[in-house]
Structure formats: C-alpha cells, structure tokens
Amino acid sequence: MLASHFHLNTSKEAPADAEVISHQLMMRSGMIRKHAGGIYTYMPLALKVLRKVENIVRTEMNRAGAIEILMPMVQPAELWMQSGRWDAYGPELLRLKDRHGRDFILQPTSEEMVTDIIANEVQSWRQLPLNLYHIQTKFRDERRPRFGLMRGREFTMKDAYSFDRDEAGALKSYDTMFNAYKRIFTALGLKFRAVNADTGSIGGSRSHEFQVIADTGEDLIVYNPESDYAANIELAEAPCLVAERAAPTQALERVPTPGANKCEIVAQQLGLPIERTVKSVVYSVNDAEGNKFICLLLVRGDHEVNEVKISKLPQLKYGFELASEEQILEYFGSKPGYLGPVNTLKSITIIADKTVANMSDFVCGGNLENTHWIGVNWGRDLPEPVIADIRNVVAGDPAVGEPGTLAIEHGIEVGHVFFLGDKYSEKLKATYLNEQGKPEVIQMGCYGIGISRIMAAAIEQNNDNKGIIWPMPMAPFEVVICPIGFHKNEEVRQKALELHNFLNEQGVDVILDDRDIRPGVMFSEWELIGIPLRVTIGERGIKDGIIEVQERRKEEAVKLSLSEANNYVLDLYKHLKSEI
C-alpha cells in the first residue's frame, strides 16, 4: 500500500468534547468522524483496525464451535413485549414505528430475536447443543453519549448465544466461551482480567466480565496478586475486619460534634481513628406488596455501601432508593449527617456490614444536629442487626478464604459472558423434545464482545505523549516505510520499493509513505497513528549503507546495513507477533 493511494487526515488538536485519550487520539489521527452525539463514521484507518479485531474474534468463535449468522438491526417489538423487556429496558431502548403503525426497536442486543429463531427451528434433543453468533451494529440511546467509542450510541458488537438441553450442558458451553474469550483478548495483545461480575439488565445467574486494564477505566477491579481471584468491585466479597466482638468498656454518651457531618470530621474532632466510627445510610424500601419502609444500612466510617450487593438482600429485593430528607426527619428527627441507629423516632430495619456487626464502643450519629453517640454497643444499646456483606472492598483488605491482600485497579469492560438459564427461553417458548418425547425448556447462555469498544480500550491502555501505540494484531498497518526524498533520490526510491514488495510478499501489512512531505511531519504523523514498526530510508543512510528501524514502543532506533535490513525487519515483525 502506498500512502498516496490511502486516505490520511490527521490534526494537531483534538475537539473540545474529546475528554478521554482514546477519543482525542482517534479524532486527531483521523480514525473517526463525528456526525451526532455517540454516532461516528469509521474512517479507513479505524475500519482496518475494526476488521482485524472482527477476524480474531471470528476465528476463535469458529474454533469454539459457534456458528455465524446475521440478525437484523431492526427487530419487532412483539418479541421484546413477550420477554418483558419492552417496558423494563428503559429509555436506552430506541423504539420506532413503521408506516403501518407497528412497533419496532433498534436492537441493543439480540436475546429475544435469537431465542425466537431457536423456538421455531429446534424441535429435538438431537439438534442440541447449538451456539449461534453474529457481528452486527447495535444501538443504545445513551442519555449522555461520551468518550468517543467508549460510550457511543451506535457501536459494533459480537454477541453469541448457546442453547443446551440442561444446566450442566449450558455451564459446559459457558466454560467453552469463557476460554474462547481468554484466547481472543490474548490474541489481540491486550492486558486484561476476567472478573466475577453482576448480571445486570441481561439477567442470569453466572457472569464474568473481561476487563482491559487501563488507568482511565471507569470500572474498579478487585484482585488478589497471589491467586487467580478477580472480581468487579460491585461483586467482590468484603472480609470482616474485626475477628470477634469485644465486650463493652465505655458508657453510652452523647457528645457535641459541631459541624461534623462526615465521619472523617467526627474522628478528627474526637481524636479517634476513623475505624471507630460508623456511617449510616438510609433507604426507602419497597416490600412485596409495594408498601414502603425505612432501612438503615451501617458501614464503617471509611467504607462505602455497595448498592449492587444490597439489591440482592431479601429485605431490598423489591426495590429501594435513598430516603428523602422528609423521611429522614420523620424517622430520625435530624438532618442527614448526624444519623444513627440509637433512639430512632420510629421502628426501622437495621442492616450492619459484617465488620460493623463485630465492632464495640463505636461512634455513630446522635439523631440530633451537631451531636454523636460514643461508646455504642450491640445488645446493650442496640438490638442485634441483620448482618450482611454490604460494602465495597478497599485496597489492603485481606483476601477471603485464601492467603493474600486485595488490590484494586481500573478496567474497561470489553466482554461479558452470562449463564441465562431459562430466563428468555421460557418466556419465548423455546423448548425441545427429550428422548422420551416430552417437552423441556432450553437452557441458554449469552456472550458479548464490544468490537468497536475494544479499539478505544486498546488505545487507553497503549499510548504515550506522541500518540497511539497499537498492539501488532490490531494495528491498521504493521510496518510503515518512511523514505526521505522518495521523489528526489532513485536509490532511496528503489530500496523503499524493494523492502515494501518483500514485506508485502511475506504477508506483512505494510504501507510506504511516498508523499512529498517533511520528515518531521511524516514521523510525527505515523507516531500519532501508532504503527508498531517504522523503517526510515534516507539519502545519507543509503550513502553510508544503513537504514533505521524504530519500534513504536522504544525510544532508540536500530541501525542496520542495507544487506540485512529486509530479513531483520521481517524477523522483528515475526518476533513482535509471537510475543502476543
């Protein structure tokens, strides 16, 4: 490929709305062009990357026994009504009507569509197991699309769906896909973790996220450096930090704490470690009949309530929200900031984190502005609470059930696998006849990869102050040849073409920059674009019998004799490919 036959359009400045580095660099390198919030055209460089990601995903999905299909982007609303997600999905689901007034949606995902296919195509146990996947455009009407391809409205996704006779078979299919995903992200050259995760709006009972590690990631990943344990912070089990509750040593006393509406300020005023304080968070909770009651959740002063964990508690499973100031005044008689479980005005349900449940002589809000209780103890001053793991893990917590200390790093979710069971197959009547001729509900799994999001995540993980540093498998071009004076020096021209043709014949995705531009501009442009290998051929080098090879990830170039250049570049290319 000659650069003069390709389309390049880079810029020095990123648009003002490009907040994260991947968005900035993709706009500056001319990879994407914005048309509306969260809607972009993939320009030639980006499309090359996208297709390379697709090909790696497709190769591993086929290897795992999945079969490719292509489902429509526009789907009939009846299927979503049948599954219950027409109303449950929320405003992110873009609804539309055709000229006949019939309801449709732009698919954000395809559980309903593929389950309907199976309901009509599969009759016998002999047709199972089956795994279907497609790579297709998706649309989610994000309230605030941002970060370029990280959180767009239109995006490219691979979703796969497994169908099995029973749960044991479905979990085996799940493991097959889990292992395929590990191979995919390894083959892409990305540093990633597979973490235990919440099932979210897709539903199901078993779930793992695949997170690309990046300092700019929005997700927090808890992991044990001494084991394979990793989990999204929403799901990571928090240990009890107090092994055994000690006997009370202090009397209960209400003390003044003027202006101390946070545990940090309370601890400072009282001269106590923050670990002696307890934080109160009040929720208005629904019961099975839709009636509301007040629930007080208690965590240690330096901890935070985890709303994903509490959503799974029996007491909060029918829905909850933070209590209003009016409700707080009604039940506690005080404004937020001075709340506590002692002497409430009305009966409440108290749920304490495991650590708080073992604390003694602790400090909590006095239910009176500018006051707190000290010397608070369970059993004596308070009834025993409901005990549960309701907090976020923090770095330095001991691992649960194994040696090691937990650490936290940032990640970007690029893949998610779910065991669905019969969540969709039962509602959409996807059944099969077993060996005895009796109908049984098919067990399902679903498996998604954000193809376009991977591009942004890879940049977030691989960049420097010059631009993108693409992993070799994803790079739009693997090698760029930069001849200085291509149109002025025949020897430079011939050597550049010779190397280009040699690498091209060896299957290397190579581009030769034959444009008549200054060397500094040429180099900075390719550094911005992020090509893994650059070969520089200049008139002075030709006279001295040398060329330069520069790895994008390294500061220093390697000088080579003309005679060894071709094989050296090819060998280095193969080495970088083999490192993945």
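As a starting point, this report considers the structure included with it. Since the model is a prediction, treat every value here as computed from it, not as a measurement. (Residues numbered from 1 in each chain as written. Predicted model: local features only at pLDDT ≥ 70, side-chain atom pairs only at ≥ 80, totals over all residues. Heavy atoms only, no water.)

### Some words on the pairing of strand β14 (residues 278–286)
Spelled out, the test is: Three exposure classes are used, based on accessible area relative to the maximum for each residue type with a 1.4 Å probe and protein chains only: buried under 20%, partly exposed in between, and exposed over 50%. Think of it this way: any DSSP run of H or I at least four residues long counts as a helix, any run of E at least two long counts as a strand, and we number them from the N terminus. DSSP bridges decide pairing: two strands pair if at least two such bridges lie between them.
The buried count for β14 comes to nine of nine residues, which makes it a mostly enclosed element. Neither face of β14 is exposed, since V278, S280, V282, S284 and N286 on one face and K279, V281, Y283 and V285 on the opposite face are all buried. Where β14 and strand β15 (residues 292–300) come together, nine bridges link them in antiparallel fashion. Its bridge partner being in β15, V281 is matched across the sheet by L297. The turn joining β14 and β15, which pair antiparallel and follow one another in sequence, is formed by five residues; a positive phi near 90° is taken by G290. Note that β14 and strand β16 (residues 320–322) share three bridges and pair antiparallel. In the strand pairing of β16, Y283 is matched with L322.

### A look at the nonpolar core
The criterion, for reference: Buried Ala, Val, Leu, Ile, Met, Phe, Trp, Tyr and Cys residues that are joined via side-chain atoms within 4.5 Å together make up what is termed a nonpolar core. Boundary definitions for the domains trace back to an automatic or database domain assignment. Residue contacts follow a heavy-atom distance rule, with two residues in contact if any of their heavy atoms lie within 4.5 Å.
Ranked by size, the top nonpolar core spans 66 residues in total, and within it F185, W470 and W526 carry the most contacts. Two domains share this core, each providing at least three of its residues, namely domain 1 (11–235 + 408–460) and domain 3 (477–579). Setting aside anything within four residues of it in sequence, one finds F185 in contact with L190, F192, F210, V414, G415, I449 and I454.

### Some points on the sheet that holds strand β4 (residues 74–76)
The cut-off we apply is this: Helix axes use the C-alpha atoms of the stretch in contact, all axes being lines fitted to C-alpha atoms, and the angles between their N-to-C directions lie in the range 0 to 180 degrees.
If you trace the three strands from one edge of the open sheet to the other, you get β4-β6-β5, paired in antiparallel fashion. The sheet is open, and its two borders are formed by β4 and β5 (94–97), each paired with just one other strand. The sheet shows a mean angle of 40° between the axes of neighbouring strands, direction not considered.

### Examining the sheet that holds strand β28 (residues 510–512)
The five strands are arranged β28-β27-β29-β30-β31 in an open sheet whose pairing can be described as mixed. The two strands at the open ends of the sheet, each matched to only one other strand, are β28 and β31 (558–561). Averaged over all pairs of adjacent strands, the angle between strand axes in this sheet comes to 25°, irrespective of strand direction. Across the face of the sheet, helix α12 (residues 490–505) comes into contact with β27 (479–483), β28 and β29 (533–537) while running at roughly 165° to β28. Its contacts with the sheet put helix α13 (residues 519–529) on β27, β28 and β29, and the angle it makes with β27 is roughly 170°.

### Overview of the layout of surface pockets
The condition is simple: Using a 1 Å grid laid over the protein atoms alone, points where a 1.4 Å probe fits but cannot get out form a cavity; open sets with protein on both sides within 12 Å along at least 5 of 7 lines form a pocket; any residue with an atom within 4 Å of a point counts as lining. Grid points are joined across faces, edges and corners, and a volume is the space filled by probe spheres set on the points. Put simply, Ala, Val, Leu, Ile, Met, Phe, Trp, Tyr, Cys and Pro go in the nonpolar bin, Asp, Glu, Lys and Arg in the charged bin, and everything else, Gly too, in the polar bin.
Taken as a whole, the second largest pocket holds about 450 Å³ of empty space. Taken together, 25 residues make up the lining of the second largest pocket; nearest its centre are N261, K262, K279, S280 and G337. At the level of elements, α7 (263–270), β14 and β18 (362–365) are the ones that each hand at least two residues to the lining of the second largest pocket. It is β14 that provides the largest number of residues to the lining of the second largest pocket, a total of five residues. Tallied by class, the residues present in the lining of the second largest pocket amount to 14 nonpolar, seven polar and four charged.

### Points about the pattern of salt bridges
Our working definition: Salt bridge, as used here: a side-chain nitrogen of Lys or Arg that lies within 4 Å of a carboxyl oxygen of Asp or Glu.
According to the stated counting rule, one finds 36 salt bridges in the structure shown. Here R144 makes a salt bridge to E19, at a shortest N to O gap of 3.9 Å. Residue R144 is found in the loop between β7 (130–139) and β8 (154–164), and its partner E19 is found in the segment before α1 (21–28); the two are separated by 125 residues along the sequence. Its relative accessible area of 49% is what places R144 among the partly exposed residues. Here the residues in one salt-bridge network are K48, K52 and D509, joined through shared partners.

### A closer look at helix α9 (residues 325–332)
Note the cut-off: To be clear, the arc concerns the directions from the helix axis to the C-beta atoms.
For α9, every residue scored as buried is listed here: I328, Y331 and F332. Projected down its long axis, α9 carries its buried residues within an arc of 80°, all on one side. Residues of α9 that are buried make contact with β14 and β15.

### A few points about the side chain of E111
Selection rule: The term polar contact refers here to a pair of N or O atoms within 3.5 Å; inside protein, the definition further demands a hydrogen-donor-capable atom paired with an acceptor-capable atom, and it admits residues adjacent in sequence only when both atoms are side-chain atoms.
Inspection of the secondary structure puts E111 in helix α5 (residues 111–121). By relative accessible area, E111 is classed as buried at 1%. Among the polar contacts listed, one links the side chain of E111 to the side chain of T109, at a separation of 2.7 Å.

### Considerations on the packing of α1 against helix α11 (residues 451–461)
The cut-off we apply is this: Throughout, the term roughly parallel applies to angles under 35 degrees, roughly antiparallel to angles over 145, roughly perpendicular to angles from 65 to 115, and oblique to all others.
At a minimum axis distance of 8 Å, the contact between α1 and α11 shows a crossing angle of 105°. Comparing the axis directions of α1 and α11 gives the class roughly perpendicular. On the side of α1, the interface is formed by I21, S22, L25 and M26, while α11 contributes M455, A456, I459 and E460. For the contact of α1 with α11, the class distribution of residues is six nonpolar, one polar and one charged.

### Here's the deal with the packing of aromatic side chains
For clarity, the threshold we go by: Here a pair means two rings of Phe, Tyr or Trp (six-membered ring of Trp) with centres within 6.5 Å. Their orientation is stacked below 30 degrees between planes, edge-to-face above 60, and tilted elsewhere. Placement of a charge over a ring requires the Lys NZ or Arg CZ to be within 6 Å of the ring centre, with the centre-to-atom vector within 35 degrees of the ring normal.
Following the criterion strictly, the structure yields 11 aromatic pairs and no others. An angle of 50° between the planes, with centres 5.4 Å apart, marks the rings of F178 and F210 as tilted. With F178 in helix α6 (residues 167–187) and F210 in strand β10 (residues 206–213), the pair connects residues that are 32 residues apart, well separated along the chain. Of the two residues examined, F178 and F210, each falls in the buried class. Measuring from ring centre to ring centre gives 5.7 Å for F362 and W378, while their planes differ by 45°; the resulting arrangement is tilted. Placement of F362 in strand β18 and of W378 in the loop between β19 (371–376) and β20 (386–388) is noted, with a sequence separation of 16 residues between them. The burial state of F362 is the same as that of W378; both residues are buried. Ring pairing ties together the aromatic residues F178, Y181, F185, F192 and F210, which thus form one cluster. If you follow R193 out to its NZ or CZ, it ends over the ring of Y223, 3.8 Å from the centre. Above the plane of the ring of F523 lies R534, whose end atom (NZ or CZ) is 4.2 Å from the centre.

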